[in-house]
Amino acid sequence: MTTVGHLINGEIHDLGERSQPVYNPSTGEVGAHVALASKETVEAAIASAAAAFPAWRNTPPAKRARVMFRFKELLEQNADKIVELIGREHGKISHDAMGELQRGIENVEYACYAPELLKGEHSKNVGPSIDSWSEHQPLGVVAGITPFNFPAMVPLWMYPMAIVCGNCFVLKPSERDPSSTLFIAQLLQDAGLPPGVLNVVNGDKEAVDTLLTDSRIEAVSFVGSTPIAEYIYQTAAAHGKRCQALGGAKNHAIVMPDADMDNAVEALTGAAFGSSGERCMAISVAVAVGDEAADLLVSKLKARMQSLKVGAFSDSSNDFGPLITAAHKEKVQGYIRSAEEEGAVVVVDGRDPAVSGFDQGFFVGGTLIDQVKPGMRCYEEEIFGPVLVVVRVDTMQEAMDLIDAHEYGNGTCLFTRDGEAARYFSDNIKVGMVGINVPLPVPVSYHSFGGWKRSLFGDLYAYGPDAVRFYTRRKTITQRWPSSGVREGAQFSFPS
Ligand code: NAD
């Protein structure tokens, strides 16, 4: 059985360290093992990045971008293989994995635009014979730590932009589905990236803590759950590093009585159950305004869910696949049980779906829970499974107050035909990414991605224009070339 190793200084290493199994969640079988890097291994990766930095920093941005152009082509040529690797270890169905990869490629396309993005600002004659300009300089060695649920896309949010900005990178992907991430990093080597500019270390807390405390790491980008995001942010900041740490979510969709109910039901079904709800932008709460709208919504969702197809990643006719691990399946089942115990009504129960031929897979079917109230565990906590809860309120303001009071603020959506209500909602809601009749308002690559409240720790969002700000440091230079023979005496007042 293969062990997924590390990419250090352009070569794959398996150093015989600790390892752990990687499952195929559709079958429940172990498909590979993943190496868990020791402190020394991570330090070797950091050293390789630090050694590559001086030459890479001075490589013209257009040449750096050219590597990204070739990388994009290789990603497209190898798309089927990447989709297969994602499916085998994550469990998502090929159409969903292809969508993830496409979104990742769009971030590489944006990185190709770096020479334009890195242009500074110039002012001539800020004083007699004095010119001044600001430029974006790379930070040095930066690190990324990524979650299991987008093993291709989330790393591609980070290192293409970090690298075209002139930095060198150490990536620590999720240990639960490492193969597609490592394969994609090798494609970037094949595209002509010099050894050491991108390193990948697989591992767990030991690897992460080494990255967070090593003085050679200048900045850390993290995506994962909120408790870990908070830990990463605090530890990185305590060690003097720039940090952006994106966390978990509980995304609400408000369904107004005037909404196109059939469209809302289709949109909610895809957004709640796609990828088994293992998306930080999944809609996990539907807030129905008025009992009449709530009854109609619940009955239509229930009917729509009869045709949901959960199954193995290898059958592209399935709507969604298994959860990532057996432990996560039990956790999701526990949330459904707790909802019942706390007085909610389980309308569609997906706890034990029959998936013929895949008895040992980690499947949970689509689940709909009505009469949910704030304070219940299934409402307060991120379930990260194919579970949609319905909360009933009387007014849109009540729905907005609920959303604003929740600890998370990643994404939200309003289904309505009323433009005035939509404008009021998008202007005032305390959430970072807002959809109007768009259930998954994931920003395209030339806008930046980030939530509010406890969904993001740090000041700058992921990818897009914020990535240039995060992965560079501004320097402002003021320069005088006096005409020959002109002498100025000492000036004791502040220069103006
Ligand atoms: P996770 O927090 O368990 O793991 C994320 C990363 O942190 C992994 O690389 C993991 O190895 C590392 N890690 C885990 N425990 C650690 C510890 N104690 N110390 C140091 N490092 C540790 O998250 P996950 O289960 O892989 O991913 C799902 C979570 O990620 C969900 O909460 C989801 O909402 C969130 N997510 C957020 C976004 C976003 O953009 N806001 C995007 C995708 C996923």
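Counting starts from 1 at the beginning of each chain's written sequence and moves along it residue by residue. Given that this is a predicted model, residues contribute local features only at a pLDDT of at least 70 and side-chain atom pairs are listed and counted only at 80 or more, while totals for whole chains, interfaces and linings are drawn from all residues. Derived side-chain values reflect all non-hydrogen atoms in the structure, with water molecules and hydrogen atoms excluded from consideration.

**Quick word on the overall build of the chain**
Applicable threshold: Helical segments are the DSSP runs of H or I of at least four residues, strand segments are the runs of E of at least two, and each set is numbered from the N terminus. For this measure, only C-alpha atoms enter the radius of gyration; the expected value for a globule follows 2.2 Å times N^0.38, where N is the number of residues. Three labels apply to residues, based on accessible area from a 1.4 Å probe with only protein chains included: buried if under 20% of the type maximum, exposed if over 50%, partly exposed otherwise in between. The method behind every accessible area is Shrake-Rupley, applied with a 1.4 Å probe, and residues are considered shielded solely by the protein chains displayed. Counting rule for charge: Lys and Arg are taken as positive, Asp and Glu as negative, and neither His nor the chain ends is counted. For this purpose, a charge sits on NZ of Lys, CZ of Arg, CG of Asp or CD of Glu.
Scanning the chain from terminus to terminus reveals 16 helices and 23 strands. A compact globule built from 496 residues should have a C-alpha radius of gyration of about 23 Å, and the chain, at 25 Å, falls within 12% of that. Seen through its principal axes, the chain has C-alpha atoms that stretch 85 × 60 × 40 Å. Taken across its 496 residues, the chain has 58% of its residues classed as buried. Here the chain displays about 20400 Å² of accessible surface, and carbon together with sulfur accounts for 50% of that area. Computing the positive centroid from 44 side-chain charges and the negative centroid from 60, the chain places the two 7 Å apart.

**Points about the packing of aromatic side chains**
For the record, the criterion: When two rings of Phe, Tyr or Trp (its six-membered ring) have centres within 6.5 Å they constitute a pair, described as stacked for plane angles under 30 degrees, edge-to-face for angles over 60, and tilted for the intermediate range.
Applying the stated criterion to the full structure yields 10 aromatic pairs. Both rings, one in Tyr233 and one in Phe457, keep their centres 6.4 Å apart while their planes meet at 35°; by these two values the pair is tilted. Of this pair, Tyr233 sits in helix H9 (residues 226-238) while Phe457 sits in strand S22 (residues 456-457); the two residues are 224 residues apart in sequence, bridging distant segments of the chain. With 6.0 Å between their ring centres and 45° between their planes, Phe449 and Tyr463 make a pair best called tilted. Of the two residues, Phe449 is situated in the loop between strand S20 (433-436) and strand S21 (452-453) and Tyr463 in the loop between S22 and helix H16 (465-471); the sequence distance between them amounts to 14 residues. Tyr463 matches Phe449 in its accessibility class, with the two residues each being buried.

**Some remarks on helix H7 (residues 179-190)**
Here is the rule: Given the number of residues in a helix, its expected span is that number minus one, multiplied by 1.5 Å.
In this model, H7 (12 residues) spans 17 Å end to end at C-alpha, consistent with the 16 Å of a helix rising 1.5 Å per residue. Judged by how many residues are buried, H7 sits mostly within the fold: 10 of 12 residues are covered. Within the sequence span of H7, burial applies to Ser179, Ser180, Thr181, Leu182, Phe183, Ile184, Ala185, Leu187, Leu188 and Gln189. A positive backbone phi angle near 110° is found at Gly192, which sits one or two residues after H7.

**A short note on the sheet that holds strand S14 (residues 283-289)**
How we decide: Strand pairing follows a simple DSSP-based rule, namely that at least 2 bridges must link the two strands. All axes here are fitted lines through C-alpha atoms, helices being fitted over the stretch that makes contact, and every angle between N-to-C directions spans 0 to 180 degrees. In what follows, residue pairs with any heavy atoms lying within 4.5 Å of each other are defined as contacts.
Ordered in space as S15-S16-S17-S14-S13-S19-S20, the seven strands form an open sheet in which the pairing is mixed. One side of each edge strand has no neighbouring strand; the edge strands of this open sheet are strand S15 (345-348) and S20. Mean inter-strand twist for the sheet, computed between neighbouring axes without regard to direction, equals 20°. Bridging between strand S13 (residues 251-255) and S14 involves five bridges; their strand directions are parallel. For Ala253, the partnering residue across the bridge sits in S14 and is Ala286. Contacts between helix H15 (residues 419-428) and the sheet are confined to S13, strand S19 (411-415) and S20, with S20 contributing the most and set at about 175° to the helix.

**What about the domain arrangement of the chain?**
So the rule is basically this: Residue ranges assigned to each domain were obtained from an automatic or database domain assignment. Buried area: the accessible surface (1.4 Å probe) lost by two parts on joining, summed over both. When a carboxyl oxygen of Asp or Glu lies within 4 Å of a side-chain nitrogen of Lys or Arg, that pair is called a salt bridge.
Each domain of the chain was delimited in the assignment, giving domain 1 (3-247 + 455-477) and domain 2 (251-436). The straight-line distance from the C-alpha centre of domain 1 to that of domain 2 is 31 Å. Each partner contributes to the interface: domain 1 provides 25 residues, whereas domain 2 provides 27 residues. Taken as a group, Ser26, Ile93 and Ser455 account for 26% of the area that domain 1 buries against domain 2, more than any other trio of residues on that side. Summed over the shared surface of domain 1 and domain 2, the result is one salt bridge.

**What about the site of the ligand?**
Spelled out, the test is: Whether a residue is near a molecule or strand is decided by its heavy atoms; if any one of them lies within 4 Å of it, the residue is near. Distance and chemistry together define a polar contact, namely a pair of N or O atoms within 3.5 Å, with one atom able to donate a hydrogen and the other to accept it when in protein, and with adjacent residues in sequence counting only for side-chain atoms on both sides. The residue classification treats Ala, Val, Leu, Ile, Met, Phe, Trp, Tyr, Cys and Pro as nonpolar and Asp, Glu, Lys and Arg as charged. All others, Gly included, are polar.
Around the ligand, 26 residues are found, and the nearest of them are Lys172, Glu175, Ser225, Gly247 and Glu382. At 2.7 Å from an oxygen atom of the ligand is found a side-chain nitrogen or oxygen belonging to Lys172. Within the complex, 89% of the 850 Å² of free accessible area of the ligand lies under protein. In the shell around the ligand, the residues fall into 13 nonpolar, eight polar and five charged. Both domains that meet at the shell around the ligand, namely domain 1 (3-247 + 455-477) and domain 2 (251-436), each give it at least three residues.

**Section: the environment of Pro160**
Tracing the sequence through the fold places Pro160 in helix H6 (residues 153-164). A relative accessible area of 0% means that Pro160 is categorised as buried. As a C-alpha pair, Pro160 and Glu109 span 51 residues in sequence and 9.2 Å in three-dimensional space.

**Some words on the sheet that holds strand S5 (residues 29-35)**
One key point about sheets: their strands pair by backbone hydrogen bonds, in either a parallel or an antiparallel sense. Ordered in space as S1-S5-S4, the three strands form an open sheet in which the pairing is mixed. The strands lining the two open edges of the sheet, one partner per strand, are strand S1 (3-4) and strand S4 (19-24). Two strands pair when backbone bridges link them, and S4 and S5 are joined in this way by six bridges, in the antiparallel orientation. When the bridges of S5 are listed, Asn24 appears paired with Glu29.

**Brief notes about the environment of Pro257**
Among the structural elements, Pro257 can be located in the loop between S13 and helix H10 (261-273). Its relative accessible area of 54% is what places Pro257 among the exposed residues.

**A short note on the pattern of salt bridges**
Evaluation of the coordinates by the stated rule reveals 29 salt bridges. In this structure, Arg18 engages Glu206 in a salt bridge whose closest nitrogen and oxygen atoms are separated by 3.2 Å. Linking Arg18 in the loop between strand S3 (11-13) and S4 with Glu206 in helix H8 (residues 205-213), this pair joins segments that are 188 residues apart in sequence. With relative accessibility at 33%, the residue Glu206 sits in the partly exposed group. Asp209 serves as the salt-bridge partner of Lys205, at 3.1 Å between the closest nitrogen and oxygen. Remark: Asp209 and Lys205 occur in helix H8; sequence separation between them is four residues, near one turn of the helix. Taken together, the shared-partner salt bridges in this structure form one network comprising Asp291, Asp295, Asp370 and Arg392.

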